[in-house]
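Below are the chains, spelled out letter by letter.
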Amino acid sequence: MGKRTHDVRIIATMLTNGITHLLTFNPSDFAGISGITVTHPQDLESFEVDEP
């Protein structure tokens, strides 16, 4: 079993449970997989919280 086996298990679990989005520091590990949207944390927009 190689590193790719763990990625495939994550994808299989996601698709079985209807999860379509993955947040990961290694988006290239999941490139080319149809049915999921992969996002790197740096690509998220920051937001400010209004304090009461």
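Residues numbered from 1 in each chain as written. Predicted model: local features only at pLDDT ≥ 70, side-chain atom pairs only at ≥ 80, totals over all residues. Heavy atoms only, no water.

Draft legend 1. Focus on the overall build of the chain. When helices and strands are counted, the chain shows one helix and two strands. Secondary structure elements in the chain, listed N-terminal to C-terminal, are α-β-β. Computed over its C-alpha atoms, the radius of gyration of the chain comes to 14 Å, more than 25% above the 10 Å expected for a compact globule of 52 residues. For the chain, the spread of C-alpha atoms along the principal axes amounts to about 50 × 20 × 20 Å. For the chain, buried positions account for 17% of its 52 residues. (Helix = DSSP H or I, 4+ residues; strand = E, 2+ residues; numbered from the N terminus. Rg over C-alpha atoms; globule rule 2.2 N^0.38 Å. Buried < 20%, exposed > 50% of the residue type's maximum accessible area, 1.4 Å probe, protein only.)

Draft legend 2. Expanded view of the environment of Ile10. Position of Ile10 among the secondary structure elements: in helix α1 (residues 3–16). Considered as a pair, Ile10 and Phe30 are 20 residues apart in the sequence and their alpha carbons are 9.8 Å apart.

Draft legend 3. Structural detail: α1. Between its terminal C-alpha atoms α1 stretches 21 Å, which fits the 20 Å expected from 14 residues at 1.5 Å a residue. Those residues of α1 that are buried are in contact with β1 (21–23). Gly18, located one to two residues past α1, shows a positive phi value of around 75°. (Expected span 1.5 Å × (residues − 1). Contact = heavy atoms within 4.5 Å.)

Draft legend 4. Local environment of the confidence of the model for the chain. On average, the chain scores 88 in pLDDT, and the residues at 70 or more come to 96%. Within the chain, the lowest mean pLDDT, 90, falls on α1, and the highest, 95, falls on β1. (pLDDT = per-residue confidence, 0-100.)

Draft legend 5. Molecular detail of the side chain of Asp29. Structurally, Asp29 is set in the loop between β1 and β2 (37–39). Not counting the four nearest positions on each side in its chain, Asp29 is found in contact with Lys3, Arg4 and Asp7.

Draft legend 6. Representation of the environment of Lys3 in the model. Inspection of the secondary structure assignment puts Lys3 in helix α1. Residues Lys3 and Pro52 lie 49 residues apart in sequence; the distance between their C-alpha atoms is 46 Å.

Draft legend 7. Examining the side chain of His40 more closely. Of note, His40 is situated in the segment after β2. A polar contact of 3.0 Å, which involves the side chain of His40, links it to the backbone nitrogen of Gln42. Beyond its immediate sequence surroundings of up to four residues, His40 is in contact with Leu23, Thr24, Phe25 and Pro27. (Polar contact = N/O pair within 3.5 Å; in protein donor to acceptor, adjacent residues only side chain to side chain.)

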